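# Architecture and fold: a report
Spelled out, the chains give:
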Amino acid sequence: MMAGSWAPEDLVPFPPRAYWRLFALANEVAWPVQPVLLAASAILVLCLLGGRTPSGRWLGPALGAAWLWTGWQFVALRYGTLHWAAPWFAWWFYAEAASLAALGLSGRLAFAARRRAPRPAIGLLAAAVVAWPVLAPLDGRSWREAEIAAVAPDPTAIASLALFALAARSRWTALLCVVPALWLALSAFTLSTLGAWQGWAVLAALLAGLAACVRGRHRSGA
């Protein structure tokens, strides 16, 4: 390699096995909250399918707590052992957490009542909270490395984009989409560089989430 040149691998200075191990460590710290998170997420999906809308006053702080915990426990403490920039990435999560809590408590994160919620957004939410934990065993890894929303960053970001697509349109919800989109783009790059097929799943979820948010904005403007 010529002096001064670089490859994508230079930005991901760790092997795949070390990266997947982070999820097992994060799950050990969070246990036994995972069954509660999965049950609550399933209930939320069923409520949305039934036409019920959540209150932004509790969903905002709850989602903010998920971003705070994930940013601290996974990105800063665990990912920070592998990547020098991880502590800086963690501040994205803290900013998103504070924004969600503030907008939710102030009533600026609202979910309009609809007879039929957009199915693509609900499908993306279901994928984040139900399908994403299954990726680990599909890859031949242990269930201990399963990625669960509010514990692992990717499903947390995907679920957030899905919920923002369901929220009433405002400049605030548009701004809330920035951090999840940036993280998912970074995650897709990281996984692809590691040679993991999950990178394509993350990229597909990112594009689907952005499309759902844009479609929701057009509908509200109609």
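Preceding block: the structure.
The structure reproduced in this document is the subject of the present report. (Residues numbered from 1 in each chain as written. Predicted model: local features only at pLDDT ≥ 70, side-chain atom pairs only at ≥ 80, totals over all residues. Heavy atoms only, no water.)

Within the secondary structure, Thr190 is located in helix 9 (residues 178-193). Its relative accessible area of 4% is what places Thr190 among the buried residues. Residue contacts for Thr190: discarding those within four places in its chain leaves Val12, Phe14 and Tyr79. (Helix = DSSP H or I, 4+ residues; strand = E, 2+ residues; numbered from the N terminus. Buried < 20%, exposed > 50% of the residue type's maximum accessible area, 1.4 Å probe, protein only. Contact = heavy atoms within 4.5 Å.)

All right, on to the pattern of salt bridges then. Following the criterion strictly, the structure yields three salt bridges and no others. Among the salt bridges present, the one from Arg17 reaches Glu145, with a minimum N-O distance of 2.0 Å. Here Glu145 lies in the loop between helix 6 (135-138) and helix 7 (153-166) and Arg17 lies in helix 1 (residues 16-30), a separation of 128 residues in the sequence. The class for Arg17 is partly exposed, based on a relative accessible area of 46%. A salt bridge links Arg141 to Glu145; the shortest N-O distance between them is 3.2 Å. Exposure remark for Glu145: the relative accessible area of 6% places this residue in the buried category. (Salt bridge = Lys/Arg side-chain N within 4 Å of Asp/Glu carboxyl O.)

There is a patch of nonpolar side chains on the surface, built from Val134, Leu138, Trp143, Trp197, Trp200, Leu203 and Leu207 and spanning about 790 Å² of accessible area. Element by element, the count of residues in the nonpolar patch is highest for helix 10 (residues 198-221), at three residues. Tracing the sequence through the fold places Trp197 in the loop between helix 9 and helix 10. (Patch = residues over 30% accessible without salt bridge, like charges linked within 9 Å, V, L, I, M, F, W, Y side chains within 5 Å. Areas by Shrake-Rupley, 256 points an atom, 1.4 Å probe, with all protein chains shown as cover.)

Enumeration according to the criterion identifies 14 aromatic pairs in this entry. Centroid distance Phe14 to Tyr19: 5.9 Å. Interplanar angle 15°. Geometry classified as stacked. Assigned by exposure class, Phe14 and Tyr19 land together as buried. Aromatic pair Trp67 and Phe93: ring centres 4.7 Å apart, planes at 50°, arrangement tilted. Here Trp67, found in helix 3 (residues 56-76), pairs with Phe93, found in helix 4 (residues 86-105); they are 26 residues apart in sequence, far enough to count as distant. A single burial state applies to Trp67 and to Phe93, both of which are buried. Members of the aromatic cluster, joined through ring pairs, are Phe14, Tyr19, Trp20, Phe23, Trp67, Phe74, Tyr79, Phe89, Trp92, Phe93 and Trp183. (Phe/Tyr/Trp six-rings, centres within 6.5 Å; stacked < 30°, edge-to-face > 60°.)

Bringing unusual backbone geometry into the picture now. With an omega of 10°, the peptide bond between Trp31 and Pro32 qualifies as cis. Structurally, the position occupied by Pro32 is in the loop between helix 1 and helix 2 (33-49). Its identity is not glycine, yet Ala150 carries a phi of approximately 85°, on the positive side. With respect to the element layout, Ala150 can be found in the loop between helix 6 and helix 7.

Attention now goes to the environment of Gln34. Note on placement: Gln34 falls in helix 2. Classification of Gln34 as buried rests on a relative accessible area of 4%. Gln34 sits 115 residues away from Ala149 along the chain, and the two C-alpha atoms are 8.8 Å apart. Polar side-chain contacts of Gln34 include one of 3.0 Å to the backbone oxygen of Asn27. For Gln34, the side chain forms a polar contact with the main-chain nitrogen of Trp31, separated by 3.4 Å. (Polar contact = N/O pair within 3.5 Å; in protein donor to acceptor, adjacent residues only side chain to side chain.)

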